[in-house]
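Residue-level listing of the chains:
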2 protein chains.
Amino acid sequence: MIKGKVLSDYAKLIIKVGVNLQKGQGLEISCPTQKRDFALALTKAGYNAGASIVRVRWQDQELDKLSYTYADISELCHLPKWLIDSKNYLVEKNFCYVAVSADDPEAFKNIPAEKLFAVSKARAKALKKFSDNMMANAIRWCVVSVPTLAWAKKVFPNNKNAVKLLSEQIENAMRLNQENPSTAWQKHIAVLNSRAKFLNDAEFEYLHFKSSNGTDLMVGLAENHVWTSALEKAKDGVYFMANMPTEEIFTAPHRERVFGILKSAMPLCSNGQIIDEFSITFKDGKIVDYSAKKGYEALKGLINTDSGTKRLGEVALIGKNSPIAKSNVLFYNTLFDENASCHLAIGKAYPTTIKNGDKLSIKELEKLGANDSREHEDFMIGTPDLSVVGIKKDKSTITLFSDGEWVI
Amino acid sequence: MIKGKVLSDYAKLIIKVGVNLQKGQGLEISCPTQKRDFALALTKAGYNAGASIVRVRWQDQELDKLSYTYADISELCHLPKWLIDSKNYLVEKNFCYVAVSADDPEAFKNIPAEKLFAVSKARAKALKKFSDNMMANAIRWCVVSVPTLAWAKKVFPNNKNAVKLLSEQIENAMRLNQENPSTAWQKHIAVLNSRAKFLNDAEFEYLHFKSSNGTDLMVGLAENHVWTSALEKAKDGVYFMANMPTEEIFTAPHRERVFGILKSAMPLCSNGQIIDEFSITFKDGKIVDYSAKKGYEALKGLINTDSGTKRLGEVALIGKNSPIAKSNVLFYNTLFDENASCHLAIGKAYPTTIKNGDKLSIKELEKLGANDSREHEDFMIGTPDLSVVGIKKDKSTITLFSDGEWVI
């Protein structure tokens, strides 16, 4: 277990480097009821950093599972206005928002995927204003993890020390075992930003992904796209880190310029269900075919959420020697797994990955090729022999990845 | 610990006998994060009884304590509109409401009483519409308890089995150890209702409370007052039990007809603070003097909440041989302690203790003598030698209590 001084150091890191809370700001923490100790540590760190008020929005997958099991779909799909208002309130009042992601990857494995996706569709629709604002950095937010028993058991099955092992992995990925974690993160971000600069200077029109597993995909990049790290600037001008840990640099694909086929490199855990060994085919940016050995219904539900979930909204580059990748642990949690592998996302593009994107309307963003949707779901395509070649407008090329790792 | 089958039986009892949930109704459970097992059991019992949807509103005194410690009073006093709406929503949608009361009696002992009462004043003001509706039985609600470590330690200090001992007390008070708890409760309520009938037939104008500890108090009763047990009829015509356990029968005092002095018989735990060995003097229904050996500032804060907290809103009769009283345990929790002793409440009167009171305006209720306030706080005056004499309009008297017990 992460506890004692390590837990409070962790909380401090999230408050200072993650959401970068400024004196007088409100803070909301979304946290599973099982991780009450972390919620308390974050609350304390928040107040010590000068938070005006701290509120915890408790999550509980066991309660959710009971609701999914017993309640009618119409009840589950109804979000009271006060609940929607409570999320938009965070934007209106410029709260910092910490989301603790510690789901049981298979919490909802016995719930019909149809029901799950009807609910997640309704939620995404009702909360679109909030998620649009979050993705446009109208507030400073940070997704972060702590181990729970159910999650640890999935990562280290049949191991009595599962929680301890997962804790060690998280401490390592979060650089909590380094002398000054905050400084370690600054150095790390500088490396990511130098790569982003290289890619921005190159102004590629396409990236070509190819792997022996069958992936052969041309991903066009949006006009005026910007490569960025998870260190971003919020609308109020203050920097923050939207994900911790983070190893990625990412940008917006062109919603109409994706061609070919991709094969998944890892399972995707979405909405308490696992999708594995899947394949997706694109034409003119749109998904025209897909298959999955495990979780086909969940993949189908995801792709059919809205018109935007049939196109890509993110392309991200991570080498196979990233600290998280080198651990060789499959986390069944996107926050970690996406930082061990090149990945793409179905759904909405971050407006911040387009030049001045936070000032553009959805129509204007779409015109440049940045996709819109109520969803944004990452999935991993980075195999050990993945090659990535950047293609410029003049057709000249630069090899970016060879055998799954950066070569620039 | 109350767990396993006993816990699920307990949850069923609350859902069926407490809020008497009807098929298709929503259910909200207010519960401390430490009592997650009970929230889950109540949720399951709710769905099994046909709840359309169950939501849990988590409480956490440790988080509250951090907020009281670090946040400015103005921040603490601000209740966002969505939060107020979320409570009124329960009335609009006719939800059942279960409130799990398991506070640490001294959670906020180091917080200035001034700060606590400013906040509770602001909360009471913002949530008046909801609490008015609850007290008028616009929805079916039930206050109930489960043991927590902090609470058990206060009740059984320096005892390693504190939680076990408190669990046994609660199981006993809730009649969970009887063969059919539901039937046991029906029998018990029938006894309480027969006493209420006797008092209603008598139509007393005053009750005279007298004890060797110095209590000498004339409590006038409101015009058209009704004595009732905790078994009440909600606006939708369905019966429910507002408190479990309950041993009381109670009615509305006349807000302008209380004279004399009362001495407390037990400590009062209010808002995470303890008020003990206190005394209150009334003239024409109004508090004109008060003192307390412990928690004077808390008592002062309570009495000065609004104009209504300077008058009485409830008078309740319980014999010293009630099962809870006979346990000789001081619970430091009003839900239990008020059922071991005759008690009064400062603040709002239940409109349901006036004939057709749920159809009357606050002005009309006040004209009959029923007090209005944002607060309602019970406190115990039942000593082992308490006598209670009922005085009719024609000045004839009937002795109701002698040596702390019913004599009718």
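Up top you'll find the structure we're talking about.
Summary of the structure given here. (Residues numbered from 1 in each chain as written. Chains lettered and ligands numbered in written order. Predicted model: local features only at pLDDT ≥ 70, side-chain atom pairs only at ≥ 80, totals over all residues. Heavy atoms only, no water.)

**Section: the pattern of salt bridges**
All names here are of chain A.
Logical step 1: One pass over the full model with this rule turns up 46 salt bridges over all chains.
Logical step 2: Of the charged contacts in the structure, one is a salt bridge between Lys 154 and Glu 106, with a shortest N-O distance of 2.9 Å. Of this pair, Lys 154 sits in helix H8 (residues 149–155) while Glu 106 sits in the loop between strand E3 (96–100) and helix H6 (113–126), and the two are 48 residues apart along the sequence.
Logical step 3: The closest approach of N and O atoms between Lys 359 and Asp 358, which form a salt bridge, is 3.6 Å.
Logical step 4: Residue classification places Lys 359 among the exposed residues on the basis of a relative accessible area of 64%.
Logical step 5: For Asp 358, a relative accessible area of 30% gives the class partly exposed.
Logical step 6: Salt bridges sharing common partners tie together Lys 128, Asp 132, Lys 348 and Asp 372. (Salt bridge = Lys/Arg side-chain N within 4 Å of Asp/Glu carboxyl O. Helix = DSSP H or I, 4+ residues; strand = E, 2+ residues; numbered from the N terminus. Buried < 20%, exposed > 50% of the residue type's maximum accessible area, 1.4 Å probe, protein only.)

**Notes on the interface of chain B and chain A**
Logical step 1: Counting residues at the interface gives 31 residues for chain B, matched by 31 residues for chain A.
Logical step 2: At the boundary of chain B with chain A, total buried surface from both sides reaches about 3000 Å², with 65% on carbon and sulfur atoms.
Logical step 3: Looking only at chain B, the three residues that lose the most surface to chain A are B:Arg36, B:Tyr47 and B:Trp82, adding up to 22% of its buried area.
Logical step 4: In this assembly, chain B and chain A are joined by four salt bridges.
Logical step 5: A salt bridge links B:Glu62 to A:Arg36, with the shortest nitrogen-to-oxygen separation between them at 3.2 Å. (Contact = heavy atoms within 4.5 Å. Buried area = accessible area lost by both parts, 1.4 Å probe.)

**As for the sheet that holds strand E10 (residues 249–251) of chain A**
All names here are of chain A.
Logical step 1: Pairing is antiparallel across the open sheet formed by five strands, whose spatial order is E7-E10-E15-E16-E17. Of all the strands in the sheet, just strand E7 (228–229) and strand E17 (376–380) have a single pairing partner and so form its edges.
Logical step 2: Examined bridge by bridge, strand E15 (residues 312–317) and strand E16 (residues 343–347) share four bridges and lie antiparallel to one another. In the sheet register, Val 315 faces E16, and the bridge partner there is Leu 344. (Pairing = 2+ DSSP bridges.)

**Considering empty space enclosed by the protein**
Logical step 1: Under the definition given, this model contains two cavities of 30 Å³ or more.
Logical step 2: Reported here for the largest cavity is a volume of approximately 40 Å³.
Logical step 3: Around the largest cavity, the lining residues are B:Lys348, B:Ala349, B:Tyr350, B:Pro351, B:Ile362, B:Leu365, B:Glu366, B:Ala370, B:Asn371 and B:Asp372.
Logical step 4: Residue classes in the lining of the largest cavity are distributed as six nonpolar, one polar and three charged.
Logical step 5: What the second largest cavity holds in volume is close to 30 Å³.
Logical step 6: Residue lining of the second largest cavity: A:Gln169, A:Asn172, A:Ala173, A:Pro323, A:Ile324, A:Ser327 and A:Phe331, and that is the complete set.
Logical step 7: The dominant element in the lining of the second largest cavity, judged by the number of residues it contributes, is helix H9 (residues 162–173) of chain A, at three residues. (1 Å grid on protein atoms, 1.4 Å probe; cavity = no way out; pocket = protein on both sides within 12 Å on 5 of 7 lines; lining within 4 Å. Points joined across faces, edges and corners; volume = space filled by probe spheres on them. Nonpolar A, V, L, I, M, F, W, Y, C, P; charged D, E, K, R; others polar.)

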